[in-house]
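Take a look at the letters that make up each chain.
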Amino acid sequence: FAETMKAYAKYLEKSDRIEKSNKVLEEVLKIETREAGGRRGIDEAKTLGLMAWNKHFIQAGGSQQFEDAITWAEEAMKIIKDQNGEHSFLLVEPTSTLAAITQFKAEQSSGKEKEKLLQQAEKLQLSCMETSVANLGEYNPLTAAVMGNLARTYGKMKRTAEAEKLLLKSLHVM
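Here goes a summary of the coordinates provided. (Residues numbered from 1 in each chain as written. Predicted model: local features only at pLDDT ≥ 70, side-chain atom pairs only at ≥ 80, totals over all residues. Heavy atoms only, no water.)

## Overview of the layout of surface pockets
And step 1. Here the largest pocket defines a volume of roughly 680 Å³.
And step 2. Lining the largest pocket are 28 residues, and of these Trp 53, Val 92, Glu 93, Ser 96 and Leu 142 sit closest to its centre.
And step 3. Breaking the lining of the largest pocket down by element, the ones donating at least two residues are helix 1 (2–14), helix 3 (42–60), helix 4 (67–84), helix 5 (92–107), helix 6 (111–136) and helix 7 (141–156).
And step 4. Looking at the lining of the largest pocket element by element, the count peaks at eight residues for helix 5.
And step 5. Its residues assigned to classes, the lining of the largest pocket shows 15 nonpolar, five polar and eight charged.
And step 6. Each pocket or cavity is described by its volume, and for the second largest pocket that value is around 230 Å³. (1 Å grid on protein atoms, 1.4 Å probe; cavity = no way out; pocket = protein on both sides within 12 Å on 5 of 7 lines; lining within 4 Å. Points joined across faces, edges and corners; volume = space filled by probe spheres on them. Helix = DSSP H or I, 4+ residues; strand = E, 2+ residues; numbered from the N terminus. Nonpolar A, V, L, I, M, F, W, Y, C, P; charged D, E, K, R; others polar.)

If you want it as structure tokens, here you go:
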């Protein structure tokens, strides 16, 4: 039942009903946690990762209060690292969410704070890219999307040569 609800939540997300998607995912998380005897595992981490991405998207266009998204992404990452190790491909989604939030905050900042946040986003995105390349290879659409995200960060950092190189590489894959 939880898997069917999760599929429905993904459908809602794709049809721009993200808030409803997260409400469904909250119910999915309750079911998964109950079925796991109160212990959170990989299924719950995946659900938390989806919830974090949705919440980030909702908040970027609204109050810009990302606390829930950050908490869920970090919890998902902790579970995945504890159960699958530091280099698990499952880390890409919650790490990408944290990178997107950090980049959004950088865009709202200036000066040294902006530089610091962009460096944090770069570090997170490099981790995603390394993990994606290691698990999927360079010529994979998901890896290309991760490269594109990193390229945008490089562009915001005025590192245009690096940005162009990654963008061309990602376009070649797509």
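## Regarding the pattern of salt bridges
And step 1. The tally for this structure, following the rule as stated, stands at eight salt bridges.
And step 2. Where Lys 6 meets Glu 32, a salt bridge forms, and the shortest distance between an N and an O atom there is 3.1 Å. Here the residue Lys 6 occupies a position in helix 1, and Glu 32 occupies one in helix 2 (residues 18–35), the gap between them amounting to 26 residues.
And step 3. The buried category is assigned to Lys 6, whose relative accessible area is 5%.
And step 4. Taking the shortest distance from any N to any O, the salt bridge between Glu 27 and Lys 30 comes out at 3.2 Å. Here Glu 27 pairs with Lys 30, and both are found in helix 2, just three residues apart, close to one helical turn.
And step 5. Overall, Glu 27 belongs to the partly exposed group, its relative accessible area being 38%.
And step 6. Members of the salt-bridge network, linked through shared partners, are Glu 122, Arg 159 and Glu 162. (Salt bridge = Lys/Arg side-chain N within 4 Å of Asp/Glu carboxyl O. Buried < 20%, exposed > 50% of the residue type's maximum accessible area, 1.4 Å probe, protein only.)

## Side note on the packing of helix 5 against helix 7
And step 1. Following both chains from N to C, one finds helix 5 and helix 7 inclined at 20°, their axes separated by 12 Å at the closest point. Here helix 5 lies roughly parallel to helix 7, going by the angle between them. The handedness of the crossing between helix 5 and helix 7 comes out as left-handed. From helix 5, Val 92, Gln 103 and Glu 107 reach across to helix 7, where they touch Val 146, Asn 149, Arg 152, Thr 153 and Lys 156.
And step 2. By residue class, the composition of the contact of helix 5 with helix 7 is two nonpolar, three polar and three charged. (Axes fitted to C-alpha atoms, helices over the stretch in contact; angles between N-to-C directions. Parallel < 35°, antiparallel > 145°, perpendicular 65-115°, else oblique. Left-handed = near helix turned anticlockwise from the far one by under 90°. Contact = heavy atoms within 4.5 Å.)

## Observations concerning the environment of Lys 114
And step 1. Structurally, the position occupied by Lys 114 is in helix 6.
And step 2. Sequence-distant contacts of Lys 114, defined by excluding residues within four places in its chain, comprise Ala 106 and Ser 109.

## Side note on the side chain of Thr 131
And step 1. Looking at where Thr 131 falls in the secondary structure, it is placed in helix 6.
And step 2. Here Ser 127 takes part through its backbone oxygen, which lies 2.9 Å from a polar atom of the side chain of Thr 131. (Polar contact = N/O pair within 3.5 Å; in protein donor to acceptor, adjacent residues only side chain to side chain.)

## Structural notes on the packing of helix 1 against helix 2
And step 1. Two numbers describe how helix 1 lies on helix 2: the axes approach to 8 Å, and their chain directions differ by 165°. As the angle between them shows, helix 1 and helix 2 are arranged roughly antiparallel. In terms of crossing hand, the pair formed by helix 1 and helix 2 is left-handed. Taking contact as the criterion, the partners of Ala 2, Glu 3, Met 5, Lys 6, Tyr 8, Ala 9, Lys 10, Leu 12 and Glu 13 in helix 1 are, on helix 2, Ile 18, Lys 20, Ser 21, Val 24, Leu 25, Glu 27, Val 28, Ile 31 and Glu 32.
And step 2. By residue class, the composition of the contact of helix 1 with helix 2 is 10 nonpolar, one polar and seven charged.

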